[in-house]
Amino acid sequence: MGSYEELDRELRLLVKVMQEQGVLDEQFGIVQAIREINDPLFVVDLIPMFCKDAEAGILDMTKLLNQSVVNYHDLKEFCIKLKGSASMIGAPLLMNACTDLCGAIDHMSKERCMTTLTRIKHEYNFLKGNLKGILR
C-alpha cells in the first residue's frame, strides 16, 4: 500500500476525472473539504449512506409507478428527496434526471415518469460505480 500522500493524490486525480466527465461537480469538493477539516472518514461514511438512501428512494418510486393508479404526490416527494441527496453529494447527472422526473410528475405522465425513472436508475448505477472507486 502506498503512503498517505500517494493515496490522497490518487483520490484527488480520480475525483478530478469524475468532475471533468460531469459525474461529480464542485459540491463534491466541498464534501471532501469537510473530510479534511473535521473528519477524515466523512466521505467514507457518507457514500454508503447516500447509496442506501438513494436505492431506497428509487425502489419506492419504482413501486409507486408499478401501481395501477400512481400517487404522484408521494412520487414527487421521493424524487425531491433523491434530488436533494444528489445535490448534496455533488452528482449533477442524477440531479438533472430527478429534475426531469419532477417535470414528468407535474404532467402526470406515467409513461414519461417510467422512462425518466429508468434514466435515474442508469445515472445512479453509473454514479455508484464511480463512488465505489473513491472508496477503494
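Residues numbered from 1 in each chain as written. Predicted model: local features only at pLDDT ≥ 70, side-chain atom pairs only at ≥ 80, totals over all residues. Heavy atoms only, no water.

Asks: Is there a simple way to explain the overall build of the chain in this structure?
Replies: On a plain count of helices and strands, the chain comes out with six helices and zero strands. Counted from the first residue to the last, the chain has its helices and strands arranged as α-α-α-α-α-α. Taking the principal axes of the C-alpha coordinates as reference, the chain spans close to 55 × 25 × 20 Å. Across the 136 residues of the chain, 40% fall into the buried class. Once local pairs closer than 6 in sequence are excluded, the contacts in the chain between residues at least 24 apart make up 62%. Working note: accessible area of the chain is about 8000 Å², and carbon and sulfur atoms make up 57% of it. Within the chain, the 19 negative side-chain charges are centred at a point lying 5 Å from the centre of the 16 positive side-chain charges. (Helix = DSSP H or I, 4+ residues; strand = E, 2+ residues; numbered from the N terminus. Buried < 20%, exposed > 50% of the residue type's maximum accessible area, 1.4 Å probe, protein only. Contact = heavy atoms within 4.5 Å. Areas by Shrake-Rupley, 256 points an atom, 1.4 Å probe, with all protein chains shown as cover. Lys, Arg positive; Asp, Glu negative; His and termini not counted. Charge placed at Lys NZ, Arg CZ, Asp CG, Glu CD.)

Asks: Just to check I follow, could you spell out the state of the cysteines for this structure?
Replies: A covalent bond bridging the sulfur atoms of two cysteines is what the word disulfide describes. For the structure on display, the rule yields zero disulfides. There is no disulfide at Cys98, and the cysteine sulfur nearest it, in Cys79, is 4.6 Å away. A residue is classified by how much of its surface remains accessible, and Cys98, at 0% relative accessible area, is buried. A disulfide-free cysteine, Cys102 has its sulfur positioned 3.5 Å from the sulfur of Cys79, the nearest such atom. (Disulfide = S-S within 2.5 Å.)

Asks: Before we go on, may I ask you to explain the pattern of salt bridges in this structure?
Replies: One side chain can pair with another of opposite charge once the charged atoms of both are near each other. Applying the stated rule across the entire model yields four salt bridges. The residue Glu55 makes a salt bridge to Lys128 at a minimum N-O spacing of 2.8 Å. Pair noted here: Glu55 is in helix α3 (residues 42-65) and Lys128 is in helix α6 (residues 110-135), with a separation of 73 residues, a long-range link. Since its relative accessible area comes to 34%, Glu55 is described here as partly exposed. (Salt bridge = Lys/Arg side-chain N within 4 Å of Asp/Glu carboxyl O.)

Asks: Can you walk me through the packing of aromatic side chains in this structure?
Replies: Each aromatic ring pair is summarised here by two numbers: the centre-to-centre distance and the angle between the ring planes. One pass over the full model with this rule turns up one aromatic pair. Taking 6.5 Å as the distance between ring centres and 50° as the angle between the ring planes, the aromatic pair formed by Phe50 and Tyr124 counts as tilted. Of this pair, Phe50 sits in helix α3 while Tyr124 sits in helix α6, placing them 74 residues apart in sequence. (Phe/Tyr/Trp six-rings, centres within 6.5 Å; stacked < 30°, edge-to-face > 60°.)

Asks: Looking at this model, I keep getting lost on the packing of α3 against α6. Mind explaining?
Replies: Between two packed helices, the angle of one axis relative to the other and the distance separating the axes together describe the packing. Packing of α3 against α6 leaves a shortest axis separation of 11 Å and a crossing angle of 160°. Between α3 and α6, the angle falls in the class roughly antiparallel. Crossing hand, α3 versus α6: left-handed. Only Lys110, Cys113, Met114, Leu117, Ile120, Lys121, Tyr124, Leu127, Lys128, Leu131, Ile134 and Leu135 of α6 make contact with α3, whose side of the interface consists of Val43, Val44, Ile47, Pro48, Phe50, Cys51, Ala54, Glu55, Ile58, Met61, Thr62 and Leu65. Of the residues assigned to the contact of α3 with α6, the class counts are 19 nonpolar, one polar and four charged. (Axes fitted to C-alpha atoms, helices over the stretch in contact; angles between N-to-C directions. Parallel < 35°, antiparallel > 145°, perpendicular 65-115°, else oblique. Left-handed = near helix turned anticlockwise from the far one by under 90°. Nonpolar A, V, L, I, M, F, W, Y, C, P; charged D, E, K, R; others polar.)

Asks: So what exactly am I meant to see when it comes to the side chain of Asn130 here?
Replies: As for its position among the elements, Asn130 is in helix α6. A residue is classified by how much of its surface remains accessible, and Asn130, at 16% relative accessible area, is buried. Excluding residues that lie within four positions of it along the chain, Asn130 makes contacts with Met18, Gln21 and Val23.

Asks: Looking at this structure, how should I read the environment of Val70?
Replies: When you line up the elements, Val70 lands in the loop between α3 and α4 (72-89). For Val70, a relative accessible area of 12% gives the class buried. Sequence spacing of Val70 and Ile89 is 19 residues, and the spatial spacing of their C-alpha atoms is 29 Å. Excluding residues within four positions of it along the chain, Val70 makes contact with Leu64, Leu65, Leu75 and Lys110.

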